[in-house]
Amino acid sequence: MSGYRCLVVVGAQWGDEGKGKIVDMLAEEAGLVARYQGGANAGHTVHVGDEEFILHQIPSGILHPGKRCLLGNGVVLDVEQFFQELDGLIARGIDAEARVGISGRAHLLLDYHKRLDHASEQARGPARIGTTGKGIGPAYEDKIARRGIRVGDLRIPERARELVIEAASAANERLRANGTELIDPARIADQLLERRARILPLMTDVGLEITRSVAAGVPVLLEGAQGALLDVDHGTYPFVTASTTTAAGAATGTGIGPTTIDSVLGVIKAYTTRVGSGPLPSEIDGELGIRLRDLGGEYGATTGRPRRCGWFDAVVARYSARVNGLTALALTKLDVLDTFKEIQIVTGYQTDAGLLDEFPDDLSLLEGARPVLETMPGWESPTQDVRSIGQLPDRARRYIARIEELTGVPIAYVGVGTKREQIIRIG
Ligand code: IMP
């Protein structure tokens, strides 16, 4: 995956594919890493030596000395959590503040967005989305309703105060209608303005920085959060997040033209997981699903929630390859399958409308779908110490080749553990 000019790294399933680790590895070659959507709903876990870092908003490139890390306009910036994360990195000896930049066009996510998120989930009852509770939906709602507050609004403190009080008062109306505890708009404005002196120096024109970097021949990495099936347009709507998680979002979410991007790497787990509500046609019920969850440590990095688990879903992967324009795949967590006698791959869905081999927009078809399964023999031997593709058991290589065949996308990396050195490069 070297030789790129501007590479987008996206989650190819429902998030939690291990993008953080892949971005951390690739950041070595890049000069600049930018996030383009989402906010603190993401949880990117990276292991460096014996240390574990969980990043929510700051790009995983921050763990590499000297790399510039930007948050694009497509991000919703949770101000309080951002500074907690930044201070946490500084406390661990990382010169993060000097290297982080935030778009003046990024929208601010404030306390009332989280309360609105909880209130809205409560109001939905059993039809809840299962959000992370980080206020993501309400922050994007404000953006699209053109009542959002942008980082650049902090330039003029009086204006920023007015905007916050206006938006927070409007939020109170909605909270009141929901019978939820109200917020104090003046307190939220004070808290934000206390951060102003520290945010303003971080403000930058992200699109301009990226364009200049690419023009100077310095590789740029655009780091997606969540996954394609959580995309607000292309995911399993309404059980999605509120942003464009697919590769096209990297252009609109940073302020570059789509032709600047020359490669798209899809990160995909060797099986499937999903956290939150919504259809998961590959889901394995019962003991086998629990075994996969425990072996894979499938608990949310942001919320700690147990993830639902299923076999690798080739219908999802093919769809994801198409909507993202994937040029390569990074297959992660192969080692989690080491002990299975048989491994299955979903190749289609049997539905009321017949056999589907392309991912449908109609959720009702997915809800009743029965997966069509292809069975492959497991390799039943440990792979965590494998460092080259040739050392992998034959059956593991056959599994990888089958995934390439079913998706039509070459696999450039295979992950066999959580450490940097446990990512095998192919070719
Ligand atoms: P929200 O992004 O908090 O609004 O949540 C919407 C949906 O996206 C829920 O199903 C969440 O579980 C899911 N989601 C959001 N962020 C992540 C993530 O980083 N990994 C996996 N699922 C996520």
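One can find the structure itself at the top, above this paragraph.
Notes on the structure in this doc start here. These numbers were taken from a predicted model, which means no experiment stands behind them. (Residues numbered from 1 in each chain as written. Predicted model: local features only at pLDDT ≥ 70, side-chain atom pairs only at ≥ 80, totals over all residues. Heavy atoms only, no water.)

A closer look at the overall build of the chain
Here is step 1: When helices and strands are tallied, the chain shows twelve helices and 20 strands.
Here is step 2: Over its C-alpha trace the chain gives a radius of gyration of 21 Å, about what one expects of a compact globule, namely 22 Å for 427 residues.
Here is step 3: Dimensions of the chain along its principal axes, counting C-alpha atoms only, are 65 × 50 × 40 Å.
Here is step 4: Classification of the 427 residues of the chain by burial places 57% in the buried group.
Here is step 5: When contacts within the chain are restricted to residue pairs at least 6 apart in sequence, long-range pairs at least 24 apart make up 76% of them.
Here is step 6: A total accessible area of about 17,000 Å² is found for the chain, and carbon and sulfur atoms account for 49% of it.
Here is step 7: Of the side-chain charges in the chain, 48 are positive and 56 negative, and the distance between the mean point of each set is 2 Å. (Helix = DSSP H or I, 4+ residues; strand = E, 2+ residues; numbered from the N terminus. Rg over C-alpha atoms; globule rule 2.2 N^0.38 Å. Buried < 20%, exposed > 50% of the residue type's maximum accessible area, 1.4 Å probe, protein only. Contact = heavy atoms within 4.5 Å. Areas by Shrake-Rupley, 256 points an atom, 1.4 Å probe, with all protein chains shown as cover. Lys, Arg positive; Asp, Glu negative; His and termini not counted. Charge placed at Lys NZ, Arg CZ, Asp CG, Glu CD.)

Remarks on the site of the ligand
Here is step 1: Within the structure, the ligand sits among 16 residues, and Asn-41, Thr-132, Thr-241, Val-275 and Arg-305 are positioned closest to it.
Here is step 2: Contacts to the ligand include Asp-16, whose side-chain N or O atom sits 3.0 Å from a nitrogen atom.
Here is step 3: In the model, an oxygen atom of the ligand is placed 3.3 Å from a nitrogen or oxygen of the Gly-130 main chain.
Here is step 4: Taking 470 Å² as the accessible area of the ligand by itself, protein coverage stands at 96%.
Here is step 5: By residue class, the composition of the shell around the ligand is seven nonpolar, seven polar and two charged. (Near = heavy atom within 4 Å. Polar contact = N/O pair within 3.5 Å; in protein donor to acceptor, adjacent residues only side chain to side chain. Nonpolar A, V, L, I, M, F, W, Y, C, P; charged D, E, K, R; others polar.)

Comments concerning the nonpolar core
Here is step 1: By size, the foremost hydrophobic cluster in this structure holds 59 residues, and its most contacted members are Ile-62, Phe-82 and Tyr-112.
Here is step 2: Broken down by element, this core gets its largest block of residues, seven residues, from helix 5 (residues 157-177).
Here is step 3: Counting residues in hydrophobic clusters, the runner-up holds 53 residues, among them Val-10, Ala-34, Ala-251 and Leu-331. (Core = buried A, V, L, I, M, F, W, Y, C linked by side-chain atoms within 4.5 Å.)

A word on the pattern of salt bridges
Here is step 1: Summed over all chains, the structure comprises 27 salt bridges.
Here is step 2: Where Glu-162 meets Arg-159, a salt bridge forms, and the shortest distance between an N and an O atom there is 3.3 Å. Placement of both Glu-162 and Arg-159 in helix 5 is noted, with a separation of three residues, approximately one turn of the helix.
Here is step 3: Looking at Glu-162, the relative accessible area reads 47%, which means it is partly exposed.
Here is step 4: Residue Arg-402 is joined to Glu-374 by a salt bridge in which the shortest nitrogen-to-oxygen separation is 2.5 Å. (Salt bridge = Lys/Arg side-chain N within 4 Å of Asp/Glu carboxyl O.)

Brief notes about the environment of Ile-424
Here is step 1: Here Ile-424 shows up in strand 20 (residues 423-425).
Here is step 2: On the accessibility criterion, Ile-424 (0% relative accessible area) is buried.
Here is step 3: Once you skip the residues sitting within four places of it in the chain, Ile-424 turns out to touch Val-386, Arg-387, Ser-388, Ile-389, Leu-392, Ala-412, Tyr-413, Val-414 and Val-416.

Topic: the sheet that holds strand 11 (residues 263-269)
Here is step 1: Read across the open sheet, the ten strands follow the order 9-7-5-2-10-1-11-15-19-20; overall the sheet is mixed. This sheet does not close on itself; its edge strands, each paired only once, are strand 9 (203-204) and strand 20.
Here is step 2: In this sheet, strand 20 lies alongside strand 19 (residues 411-415) in antiparallel orientation, the contact comprising three bridges. Bridge pairing in strand 20 places Gly-415 opposite Ile-423.
Here is step 3: Seen against the sheet, helix 1 (residues 19-26) touches strand 1 (6-11), strand 2 (32-35), strand 10 (220-223), strand 11, strand 15 (328-332), strand 19 and strand 20 and runs at an angle of roughly 160 degrees to strand 1. (Pairing = 2+ DSSP bridges. Axes fitted to C-alpha atoms, helices over the stretch in contact; angles between N-to-C directions.)

Description of helix 4 (residues 136-144)
A turn of α-helix holds 3.6 residues, and therefore any two residues three or four places apart point the same way.
Here is step 1: When helix 4 is considered as a whole, its buried residues turn out to be Ile-136, Pro-138, Ala-139, Tyr-140 and Asp-142.
Here is step 2: Residues of helix 4 that are buried make contact with strand 6 (76-78), strand 8 (107-109), helix 3 (111-124) and helix 5.
Here is step 3: In the stretch just after helix 4, Arg-146 is the one whose phi turns positive, near 60 degrees.

Focus: the side chain of Lys-21
Here is step 1: Considering the arrangement of structural elements, one finds Lys-21 in helix 1.
Here is step 2: Although Lys-21 lies buried, it forms no salt bridge, and the closest oppositely charged side chain, Glu-52, sits 7.6 Å away as judged by the N-O distance.
Here is step 3: Look past the residues within four positions of Lys-21 in its chain and what remains in contact with it is Thr-45, Val-46, Gly-417, Thr-418 and Ile-423.

Points about the packing of helix 3 against helix 4
Here is step 1: Axis separation between helix 3 and helix 4 bottoms out at 7 Å; the angle between their running directions is 115 degrees. Judged on the interaxial angle alone, helix 4 and helix 3 are roughly perpendicular. Note on packing geometry: the crossing formed by helix 3 with helix 4 is right-handed. On the side of helix 3, the interface is formed by Tyr-112, His-113, Leu-116 and Asp-117, while helix 4 contributes Ile-136, Pro-138, Ala-139 and Asp-142. (Parallel < 35°, antiparallel > 145°, perpendicular 65-115°, else oblique. Left-handed = near helix turned anticlockwise from the far one by under 90°.)

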